[in-house]
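Working through the structure, step by step
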Amino acid sequence: MKVIIVKDQNEGGKEALKLYENEMQNGAKVFGLATGSTPITTYEELVASDLDFSDCVSVNLDEYVGLTPDNDQSYHYFMNEHLFKYKKFKHSYVPDGTNMDAAAETARYDKIIEKNPIDLQLLGLGRNGHIGFNEPGTPFDSTTHKIKLTQSTIDANSRFFNREEDVPKEAYSMGIGSIMTAKHILLEAYGDKKAEAIQKMVQGPVTTDVPASVLQNHPNVTVIIDEAAAALLD
Ligand code: F6R
């Protein structure tokens with residue numbers, strides 16, 4: 001695991017851009033993407049760059065079940081706002097939150113990943129060590145699956161919705177096994193709230209209690225973190 005410590009999230013975005021440039025020079029064409037606050041500066045850098053993704057494919061990590069792409073709380077909407085409306089990909093895949101047939105949707109998404117082996121997978125990190133929606137306890141060999149959101153996530157999300165019943169209770173997520181098939185993984189994390197998870201991910205035992213610790217088993221991982229997130233590393 002190569003750990004790069006930067007001053008702040010803006011520097012992190014610039015560092016990530018260098019990695020994308022390098023990967024594309026080396027022929028990378030399939031990019032696994034994440035949502036959340038962490039990758040925002042990376043997307044800003046990609047948008048401001050002259051990188052051309054028109055011959056590339058993107059594959060997103062996860063999506064809420066029940067939300068349409070035009071719902072402003074959906075991950076599809078987030079990707080449109082932060083990247084896709086500025087940079088066009090040949091194909092951009094996001095799990096279809098409107099497909100209520102979980103078996104069909106997860107099988108469809110696994111086929112997409114199989115047909116488009118991921119060259120560079122971007123990840124954020126949950127405070128509890130989750131990657132994608134793979135919470136502690138998720139098997140390391142998991143493929144795309146449907147997960148039930150924890151009550152605390154549902155409660156936190158409820159402020160964005162007018163009606164309680166509209167708050168998503170489930171999500172589709174790439175599995176840990178799917179993530180591990182990527183040739184190169186870039187994980188970013190910023191702020192002191194991520195410090196404990198970073199310490200466990202980089203220096204702790206490899207255990208399903210800390211999903212991101214599985215990355216110690218991957219041969220090509222780059223971690224970009226700021227000083228606050230690096231504070232507990234030896
Ligand atoms: C998002 C995702 C999540 C986030 C993680 C960190 O697609 O899969 O694992 O990366 O929850 O979220 P932020 O970046 O908001 O701190």
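Predicted, not measured: the structure shown is a model, and the values here were computed from it.

1. Details of the overall build of the protein
Within the protein, the regular secondary structure consists of seven helices and 10 strands. Relative to a compact globule of 234 residues, whose C-alpha radius of gyration would be 17 Å, the protein shows 17 Å and is just as compact. Its C-alpha atoms give the protein principal-axis dimensions of about 45 × 40 × 30 Å. For the protein, the proportion of its 234 residues judged to be buried stands at 41%. When contacts within the protein are restricted to residue pairs at least 6 apart in sequence, those whose partners lie at least 24 apart make up 81%.

2. Overview of the UniProt feature "domain: Glucosamine/galactosamine-6-phosphate isomerase" (unreviewed entry) in the protein
In the numbering adopted here, UniProt assigns the feature "domain: Glucosamine/galactosamine-6-phosphate isomerase" (unreviewed entry) to residues 25-218. Helix makes up 28% of residues 25-218 and strand makes up 16%, while its end C-alpha atoms are separated by 22 Å.

3. Looking at the pairing of strand β3 (residues 57-60)
Pairing geometry for strand β2 (residues 30-33) and β3, over four bridges, is parallel. Across the sheet, residue Val30 finds its bridge partner in β3, namely Val57. Of the strand pairs in this sheet, β3 and strand β5 (residues 91-93) are connected by three bridges, and their pairing is parallel. Within β5, the position partnered with Ser58 by the bridge is Ser92.

4. Quick look at the site of the ligand
Residues in close proximity to the ligand total 14 residues, the closest being Thr35, Gly36, Ser37, Thr38 and Gly124. Classifying every residue of the shell around the ligand gives five nonpolar, eight polar and one charged.

5. Quick look at the sheet that holds strand β9 (residues 184-189)
The parallel open sheet is built from seven strands, whose spatial order is β1-β10-β9-β6-β2-β3-β5. Edge positions in the sheet fall to β1 (2-6) and β5, since each has one partner strand and no second. Between one strand axis and the next, the sheet turns by 15° as a mean value, whatever way the strands run. Pairing between β1 and strand β10 (residues 221-226): five bridges, direction parallel. The residue bridging Ile5 from the neighbouring strand is Ile225, located in β10.

6. Description of the UniProt feature "active site" (unreviewed entry) in the protein
Under the UniProt annotation, "active site" (unreviewed entry) lies at Asp62, Asn128, His130 and Glu135. Looking at where Asn128 falls in the secondary structure, it is placed in the loop between β6 (120-123) and β7 (145-148). Asn128 has contacts with Glu135, Pro136 and Ala197, leaving out every residue within four places of it along the chain. Counting through the fold element by element, His130 comes out in the loop between β6 and β7. When near neighbours in sequence (up to four residues on either side) are disregarded, His130 contacts Glu135, Pro136 and Pro211.

7. Details of the sheet that holds β7
Each strand in a sheet pairs with its neighbour through backbone hydrogen bonds, running either in the same direction (parallel) or in the opposite one (antiparallel). With respect to topology, three strands assemble into an open sheet ordered β4-β8-β7, the strand pairing being antiparallel. Edge positions in the sheet fall to β4 (62-64) and β7, since each of these pairs with one other strand and no more. Neighbour to neighbour, the strand axes of the sheet diverge by 25° on average, direction disregarded. In this sheet, strand β8 (residues 170-173) lies alongside β4 in antiparallel orientation, the contact comprising three bridges. If you follow Tyr64 over to β8, its bridge partner there is Ala171.

Here is what the cut-offs are and how they apply
- Residues numbered from 1 in each chain as written.
- Predicted model: local features only at pLDDT ≥ 70, side-chain atom pairs only at ≥ 80, totals over all residues.
- Helix = DSSP H or I, 4+ residues; strand = E, 2+ residues; numbered from the N terminus.
- Rg over C-alpha atoms; globule rule 2.2 N^0.38 Å.
- Buried ≥ 20, exposed ≤ 12 C-beta atoms within 10 Å, placed from the backbone.
- Contact = placed C-beta atoms within 7 Å.
- UniProt positions renumbered as here; feature names shortened; annotations may be inferred.
- Pairing = 2+ DSSP bridges.
- Near = placed C-beta within 6 Å.
- Nonpolar A, V, L, I, M, F, W, Y, C, P; charged D, E, K, R; others polar.
- Axes fitted to C-alpha atoms, helices over the stretch in contact; angles between N-to-C directions.

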